[in-house]
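Here is how the chains run, residue by residue.
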Amino acid sequence: MSGNGARSAHEAGHAETRTAGIKDVAAAAGVSLGTVSNVLNRPDRVSPATRAKVEAAMAELRFVRNESARQLRAGRSRILAYVMLDGSNPFFSDVAEGMEDTADEGDLSLFLCNSANRPERERAYLSRLEQQRVQGILITPIDPDAPVLDEIALRGTPVVIVDRTRATRTHCTVAVDDMLGGALAVQHLLEMGHERIAFIGGPMSLGQVRDRREGALRALRDAGFGDDHLVDLDTSALTVAEGRTAGARLAGLPAANRPTAAFCANDLLALGLLQTCVSLDLRVPEDLAIVGYDDIDFAAAAAVPLTSVRQPRRQLGRMAADLLLQETNDPDHEHQQVVFTPELVVRASTHPRA
């Protein structure tokens, strides 16, 4: 007797927690399966009274639409994904917001994945996303020429490369002219009277870092200075902590050879450098002028507001998502390589030398 009672209670528990389906809603509302389907997919075809009755049944049964089943029947996902390079960098969060704007307008979801600049993690995410049959993948890749990006596209999942460029036109790419950005930063410092400038950035395996440094060298050469006027302080990552460490190395250089200005490959490095300057009583910009890159929100809010090279972050993300949707919706889509122009934003961390 007790065994049967226990079994009944167990079964009742399962009945209570079972997810309600479309048949349950139809039975509770006293309508056909087709009517429930219309309420979900084509509500304009259902009278207000019937629609209210069906919606009331859904609420009572705690019905949740099975979007996976819907996508399986339709043969198409309603999910986009962005594999970002560094989830701790606000630059990529701002780019993702632009993508989300486009996704929202198309009634799509955006999944965010952080490779953390680790190749094995990037590969794992790409594999999972392809298996999930996402509608398309946006990625800031560690290596924009990686064969896996071609393989995924050939298997039918569109891929748009973000904040990187490719020599071939096999994918849509959206990026910023980082060589120009580096040149703008150093041209400004030269105009402020600085002739020996530190470049703080790395690793050099990152294309943006290489391009920004090359732009800096180009500006020096155009002004008649040799490459030795750019003092490299390599970093292992583009983080605040690495900026602090680079600042300590810079402060430790002999005063006679110490650069009077620093161009940092991103704003996080510049903020770390600024923190070290404050801790060592080095005045910014009197003892050291600083230019960052990206113009994240923290740049303007720093103890000494940072001069920075602004990238149109949100616009970059929106354009990338727009191109991805164009590719998924148009079989005759032609790949585009979009390059935005950076802008120098001057603040208190630089001014003419006395």
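Structure: above.
Given the structure is predicted, the values throughout are model-derived calculations rather than measurements.

K.L.:
Can you tell me about the pattern of salt bridges, naming the residues and giving the values?
P.N.:
The tally for this structure, following the rule as stated, stands at 18 salt bridges. Arginine 166 is the partner of aspartate 145 in a salt bridge, and the nearest nitrogen-oxygen pair spans 3.8 Å. Of this pair, aspartate 145 sits in the loop between β3 (136–139) and α8 (147–154) while arginine 166 sits in the loop between β4 (159–162) and β5 (172–176), and the two are 21 residues apart along the sequence. Three or more residues are tied together by salt bridges with common partners; here these are Glu97, Asp101, Glu105, Arg314 and Arg318.

K.L.:
Tell me about the side chain of aspartate 94, and name the residues and values.
P.N.:
As for its position among the elements, aspartate 94 is in helix α6 (residues 90–105). What makes aspartate 94 buried here is its relative accessible area of 15%. With residues up to four places along the chain from it excluded, the contact list for aspartate 94 reads Arg313 and Arg314.

K.L.:
Describe the pairing of strand β11 (residues 337–340), naming the residues involved and giving the relevant values.
P.N.:
Burial of the side chains of β11 is restricted to one face: Val338 and Phe340 are buried, whereas none of Gln337 and Val339 on the reverse face is. Where β5 meets β11, four bridges bridge the pair, whose relative direction is parallel. Residue threonine 173 lies in a different strand from β11, and its bridge partner there is glutamine 337.

K.L.:
Could you give an account of the sheet that holds β4, with specific residues and numbers?
P.N.:
Taken together, six strands build an open sheet; the order of strands is β2-β1-β3-β4-β5-β11 and the sheet is parallel. The sheet terminates laterally at β2 (109–114) and β11, the two strands that pair on one side only. If you compare each strand with its neighbour and ignore which way they point, the axes differ by 15° on average. Packing of α8 onto the sheet brings it into contact with β3 and β4, and relative to β4 it is tilted by some 150°.

K.L.:
Could you give me a rundown of helix α14 (residues 313–329), with the residues and numbers involved?
P.N.:
For α14, built from 17 residues, the straight-helix expectation of 24 Å at 1.5 Å per residue is met to within 8% by its first-to-last C-alpha distance of 25 Å. Taken as a whole, α14 has its buried residues at Arg313, Leu316, Gly317, Ala320, Ala321, Leu323, Leu324, Leu325 and Glu327.

K.L.:
I'd like to hear about the pairing of strand β1 (residues 79–84), residue by residue, with values.
P.N.:
Summarising burial for β1: six of the six residues are buried, a large majority. Side chains of β1 alternate between two faces, with Ile79, Ala81 and Val83 and Leu80, Tyr82 and Met84 buried alike. Inspection of the sheet shows β1 paired to β2 by six bridges, in the parallel sense. Paired with methionine 84 across the strands is asparagine 114, a residue of β2. Relative to β3, β1 runs parallel, the two being bridged by four bridges. Residue pairing for β3: alanine 81 is matched across the bridge by isoleucine 137.

About the criteria used
Residues numbered from 1 in each chain as written. Predicted model: local features only at pLDDT ≥ 70, side-chain atom pairs only at ≥ 80, totals over all residues. Heavy atoms only, no water. Salt bridge = Lys/Arg side-chain N within 4 Å of Asp/Glu carboxyl O. Helix = DSSP H or I, 4+ residues; strand = E, 2+ residues; numbered from the N terminus. Buried < 20%, exposed > 50% of the residue type's maximum accessible area, 1.4 Å probe, protein only. Contact = heavy atoms within 4.5 Å. Pairing = 2+ DSSP bridges. Axes fitted to C-alpha atoms, helices over the stretch in contact; angles between N-to-C directions. Expected span 1.5 Å × (residues − 1).

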